[in-house]
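# A closer look at the structure
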Amino acid sequence: MWIAQITDTHIKQVGKLTYGRVNTASYLERAVARLNAHRPRLDLVVITGDLVDFGHPLEYAHLRQLLEPLTIPYLIIPGNHDERDALRQAFPEHDYLPASGFLHYAIDGRYPLRIVGLDTVVPGDSRGELCEQRLHWLADTLAAQPSAPTLVLMHHPPFVSGIEHMDRIGLTGTPEFAEILRQHPQVQAVLCGHLHRNIFTTVGGRPAICSVGTAHQVALELEGGEPGGFTLEPPGFMLHRWKDGKLLSHAVMLEDFEGPYPFYDANGKLLDE
Ligand SMILES: [Fe+2]
Ligand SMILES: [Fe+2]
């Protein structure tokens, strides 16, 4: 099974630029074309939050329009820039999204991997939260299928990145979350967004993978005290392959580059000048 993870699309209303600078819509158009053309053909796309920039219904309408050409089934979870009710209303056919409350779900039996979406959003706030209710839901959901290999999707990363202004936003409930994962070795990886960077670590003994965004990225500022900012470093996505009981993930850039060029000449000799 091939899964592409895109994240932090931050779509605005038609004609508006994100932070007055980034044409996130044209970035997403290119990403959709690339995902459609991907070989081997993708089985699923997951979008790990910050789908739009201000949670406005017109932004979701624009997002839908941009995702319309996507020929691969996709699953969504909210980020801190999303608004639960506007998101639900914009995607009524995504019936895995609950009609009220948190936008949690488990997709069982449809794919070789079980997909669990976890809502970390606090309305009106940038920070993430795993309150007792959400942690219970996760523990119960994972305990219901302990032998099903599972991917957990969440927007806020359950780890400290070292990028100070992003870590200040934070996610409460992380130690309890890690403890739940420790008890559930069927979790193959936690996929998240929010940091707009490729970051790989472990949480509760499970891989945790954050993807770069499809548009702008968060500056790699690791000394502390920086004001925080974004860059136009190359956008990308994570390509996850589930095969023979193993998950393997490639970080892929969404730009066109020269090549591929051959390593060897027609006689099989390594090219030298
Ligand atoms: Fe974001
Ligand atoms: Fe975010």
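Residues numbered from 1 in each chain as written. Chains lettered and ligands numbered in written order. Predicted model: local features only at pLDDT ≥ 70, side-chain atom pairs only at ≥ 80, totals over all residues. Heavy atoms only, no water.

### Examining the coordination of the iron ion (ligand 2)
Summarising the metal site, the iron ion (ligand 2) is bound by the protein donors Asp50 (OD), Asn80 (OD1), His155 (NE2) and His194 (ND1), whose distances to it range over 2.1 to 2.2 Å. Because the angles between the four donor atoms bound to the iron ion (ligand 2) fall within 87 to 159 degrees, the donor set is best described as irregular. Read from N- to C-terminus, the donor residues coordinating the iron ion (ligand 2) fall into the pattern D-x29-N-x74-H-x38-H. Metal-to-metal, the separation of the iron ion (ligand 2) and the iron ion (ligand 1) is 3.5 Å; aspartate 50 coordinates the two. Of the two residues, aspartate 50 sits in the loop between β2 (44-48) and α2 (57-67) while histidine 194 sits in the loop between β9 (187-192) and β10 (199-203), which places them 144 residues apart along the sequence. Classification of aspartate 50 by relative accessible area gives buried; the value is 2%. (Donors = N, O, S within 2.8 Å, 3.2 Å for Na, K, Ca; no water. Tetrahedral: all angles 85-135°; square planar, octahedral: opposite > 155°, others 65-115°. Helix = DSSP H or I, 4+ residues; strand = E, 2+ residues; numbered from the N terminus. Buried < 20%, exposed > 50% of the residue type's maximum accessible area, 1.4 Å probe, protein only.)

### Brief notes about the pairing of strand β1 (residues 2-6)
Of all five residues in β1, five are buried; the element is thus mostly enclosed. Covered by surrounding structure in β1 are Trp2, Ala4 and Ile6 together with Ile3 and Gln5, the residues of both alternating faces. Note that β1 and strand β14 (residues 236-243) share four bridges and pair antiparallel. Along β14, the bridge assignment pairs tryptophan 2 with arginine 241. With four bridges joining them, β1 and β2 adopt parallel strand pairing. Of the residues in β2, the one forming a bridge with isoleucine 3 is leucine 44. At this point the chain moves from β1, through helix α1 (residues 24-37), to the parallel β2, and the crossover so formed is right-handed. (Pairing = 2+ DSSP bridges. Right-handed = clockwise from strand over helix to strand, strands pointing away.)

### Observations concerning α2
Every buried residue of α2 is accounted for by Glu59, Tyr60, His62, Leu63, Leu66 and Leu67. In a view along the axis of α2, the buried residues occupy a sector of 160 degrees, so they form one face of it. When the buried face of α2 is taken as reference, the exposed residues oriented beyond 90 degrees from it are Pro57 and Gln65. (Arc of directions from axis to C-beta.)

### Quick word on the environment of arginine 41
With respect to the helices and strands, the residue arginine 41 is situated in the loop between α1 and β2. Note: C-alpha distance between arginine 41 and proline 92 (51 residues apart in sequence) is 26 Å. Those residues in contact with arginine 41, other than ones at most four positions away along the chain, are Trp2, Asn36, Thr71 and Ile72. (Contact = heavy atoms within 4.5 Å.)

### Observations regarding the coordination of the iron ion (ligand 1)
Surrounding the iron ion (ligand 1) are the protein donor atoms Asp8 (OD), His10 (NE2), Asp50 (OD) and His196 (NE2), at 2.0 to 2.3 Å. With a relative accessible area of 4%, histidine 196 lands in the buried category.

### Looking at the sheet that holds β1
Read across the open sheet, the five strands follow the order β3-β2-β1-β14-β15; overall the sheet is mixed. Edge positions in the sheet fall to β3 (74-77) and β15 (246-253), since each of these pairs with one other strand and no more. Direction aside, the axes of adjacent strands within the sheet are offset by 20 degrees on average. Packed on one face of the sheet, α1 meets β1, β2, β14 and β15 and runs near 175 degrees to β1. (Axes fitted to C-alpha atoms, helices over the stretch in contact; angles between N-to-C directions.)

### With respect to the side chain of histidine 156
On the secondary structure map, histidine 156 appears in the loop between β7 (150-154) and α5 (164-169). Classification of histidine 156 as buried rests on a relative accessible area of 1%. Among the polar contacts made by the side chain of histidine 156, one reaches the side chain of threonine 120 at a distance of 2.7 Å. Within the local environment of histidine 156, its side chain forms a polar contact with the backbone nitrogen of glycine 128, the two atoms lying 3.3 Å apart. Excluding residues that lie within four positions of it along the chain, histidine 156 makes contacts with Asn80, Thr120, Ser126, Arg127, Gly128, Gly170, Leu171, Cys192 and His194. (Polar contact = N/O pair within 3.5 Å; in protein donor to acceptor, adjacent residues only side chain to side chain.)

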